[in-house]
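# Chains, contacts and geometry: an overview
Next come the chains, spelled out residue by residue.
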Amino acid sequence: MRIVALAGGIGGARFLRGLRAAIGPQDEITVIGNTGDDIHLYGLKVCPDLDTVMYTLGGGIHEEQGWGRTDETWSIKAEMKEYGVGPEWFGLGDRDFATHLVRSQMLAAGYSLSQVTEALCVRWQPGVRLLPMSDDRVETHVRITDEQGTRAIHFQEYWVRLHAAVDAEAIIPVGADTAKPAPGVLDAIAEADVILFPPSNPVVSIGTILAVLGIREAVAAAPAPVVGLSPIIGGAPVRGMADKVLAAVGVEATAEAVALHYGADLIDGWLVDTADEAAVAAVEAGGIACRAVPLLMTDVDATAEMARAALALAEQVRR
């Protein structure tokens, strides 16, 4: 079985760990990773979502945080502060710095982001094929209004520095409408037996991937069933502040609303948590098969059960 998953952030990475545990040794997973969160810091190219997938599946993630390296130290960050060089609000640990140094060196030498990601994965052996959504530069920006007026800021500044405390007025995936899918992305979608949307942020993770020229159309046209898992349980995000960016695109923070936001032209099946069983009928009225199952990723075994439920629903709705 060839499985394609669109993923970004901590929720996506942890779901992939359960998915990997749920499948057989002959099955293959291709992950199309969000690069809209990428940012240039200290002259380095930082790819938070790609790295979170790579570290989580490769055994190097800081489990409590869900991001960054385990057993991390912060000497470089402290020295940068002494020099008065920021930003102080975005933390790169010493071990994490090494990944960004290698990536930036390779990019400067002329390698594509896809080639660099493949090379980094040689060390981490994540057990999946990890592809960036595009080799071209795409950055998610957020329009806000604060004491400085109305302006657009990088998503990382909105998420990490401001903690989404200011209302998001619009989400702009800058460059997505002209960026080309990375090599292998469209082929993987076309050849997939199952396409999954993990419980990642539907606006700034999966939504940004789908915004890249041709990817949404490829998913909609794929012969494989497309099944998503709700990142919203009981009217609130399981993790993070997805409700803030959902509001910016006019979508309620409910399992039902997110399913209908994707739409029956894109997804065939949708899993909601048992706490949202009342939403099943409304989702199905929208033309999307829906089931209620436990969706809390409390451990790898629980997450593997979620993945099995998604694969089972995919079989039921297979076109």
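Right, let's walk through the structure included here. (Residues numbered from 1 in each chain as written. Predicted model: local features only at pLDDT ≥ 70, side-chain atom pairs only at ≥ 80, totals over all residues. Heavy atoms only, no water.)

## Describing the packing of aromatic side chains
Heads up, the condition is: Two aromatic rings, drawn from Phe, Tyr or Trp (for Trp, its six-membered ring), form a pair once their centres lie within 6.5 Å of each other, and the interplanar angle then sorts them: stacked below 30 degrees, edge-to-face above 60, tilted otherwise. For a Lys NZ or an Arg CZ to count as sitting over a ring, it must be within 6 Å of the ring centre and within 35 degrees of the ring normal.
Applying the stated rule across the entire model yields six aromatic pairs. Through pairs of rings, three or more aromatic residues link up here, namely Phe197, Tyr262 and Trp270. A cation over an aromatic ring shows up here: arginine 69 above the ring of tyrosine 55, its NZ or CZ 5.6 Å from the ring centre.

## As for the sheet that holds strand E13 (residues 269–272)
Hydrogen bonds along the backbone pair up the strands of a sheet, which may run parallel or antiparallel. We count it as follows: Paired strands, as defined in this entry, are two strands with at least two bridges between them according to DSSP. Here a strand is any run of E in DSSP of at least two residues, a helix any run of H or I of at least four, and the numbering for each starts at the N terminus. Axes here mean lines fitted to C-alpha atoms, for a helix over just the part in contact, with angles spanning 0 to 180 degrees between N-to-C directions. By definition, residues are in contact when any of their heavy atoms lie within 4.5 Å.
A sheet is described by the order of its strands in space; here seven strands give the open sequence E5-E2-E1-E9-E10-E13-E14, paired in parallel fashion. The open sheet has two edge strands with one neighbour each: strand E5 (129–132) and strand E14 (289–292). When the angles between neighbouring strand axes are averaged without regard to direction, this sheet yields 20 degrees. The sheet contacts of helix H1 (residues 9–22) involve strand E1 (2–7), strand E2 (28–33), strand E9 (194–197) and strand E10 (226–229), and relative to E1 the element is tilted by about 165 degrees. Set on the sheet, helix H11 (residues 255–262) makes contact with E9 and E13; between it and E13 the angle comes to about 165 degrees.

## Section: the pattern of salt bridges
Opposite charge on two side chains permits them to pair, given that their charged atoms come into close proximity. The test is simple: A pairing counts as a salt bridge when a side-chain nitrogen of Lys or Arg comes within 4 Å of a carboxyl oxygen of Asp or Glu. Here's how the labels work: a residue is buried when its accessible area is under 20% of the maximum for its type, exposed when over 50%, partly exposed in between, all with a 1.4 Å probe on protein chains only.
This model, assessed by the stated rule, comprises 12 salt bridges. The residue arginine 103 makes a salt bridge to aspartate 51 at a minimum N-O spacing of 2.5 Å. Here the residue arginine 103 occupies a position in helix H4 (residues 94–108), and aspartate 51 occupies one in helix H2 (residues 48–58), the gap between them amounting to 52 residues. With a closest N to O distance of 2.7 Å, aspartate 146 and arginine 151 form a salt bridge. The same class applies to aspartate 146 and to arginine 151, which are both buried.

## Examining the sheet that holds strand E6 (residues 139–146)
Taken in spatial order, the three strands line up as E7-E6-E8 in an open sheet, and their pairing is antiparallel. At either margin of the open sheet sits one strand with a lone partner, and together these are strand E7 (149–154) and strand E8 (170–174). Direction aside, neighbouring strands of the sheet carry axes that sit 30 degrees apart on average. One ladder, built from five bridges, connects E6 with E8; its direction is antiparallel. Bridge pairing links glutamate 139 to valine 174 in E8.

## Quick look at the nonpolar core
Inclusion rule: What is meant by a nonpolar core is a set of buried Ala, Val, Leu, Ile, Met, Phe, Trp, Tyr and Cys residues, joined one to another through side-chain atoms within 4.5 Å.
In terms of nonpolar packing, the biggest core is built from 55 residues, with Tyr158, Ile189, Ile195, Phe197 and Trp270 touching the most fellow members. When residues of this core are assigned to their parent elements, the largest contribution, five residues, is made by H11. When near neighbours in sequence (up to four residues on either side) are disregarded, isoleucine 189 contacts Val4, Ile32, Ile195, Ile215, Ala218, Val219 and Ala222. Formed by 43 residues, the second largest nonpolar core is a distinct cluster that contains Ile29, Cys47, Met54 and Ala310.

## Section: unusual backbone geometry
Along the chain, glycine 86 connects to proline 87 via a cis peptide bond; the corresponding omega equals 10 degrees. Mapped onto the fold, proline 87 is located in the loop between helix H3 (75–82) and H4. A positive phi angle, close to 45 degrees, is found at glutamine 125, a residue other than glycine. Tracing the backbone through its elements, the reader meets glutamine 125 in the loop between helix H5 (113–124) and E5. In this structure, histidine 163 takes a positive phi of about 55 degrees despite not being glycine. Along the polypeptide, histidine 163 turns up in the loop between helix H6 (155–161) and E8. Relative accessible area serves as the criterion here: at 53%, histidine 163 is assigned to the exposed category.

Geometric values such as these leave the question of function open.
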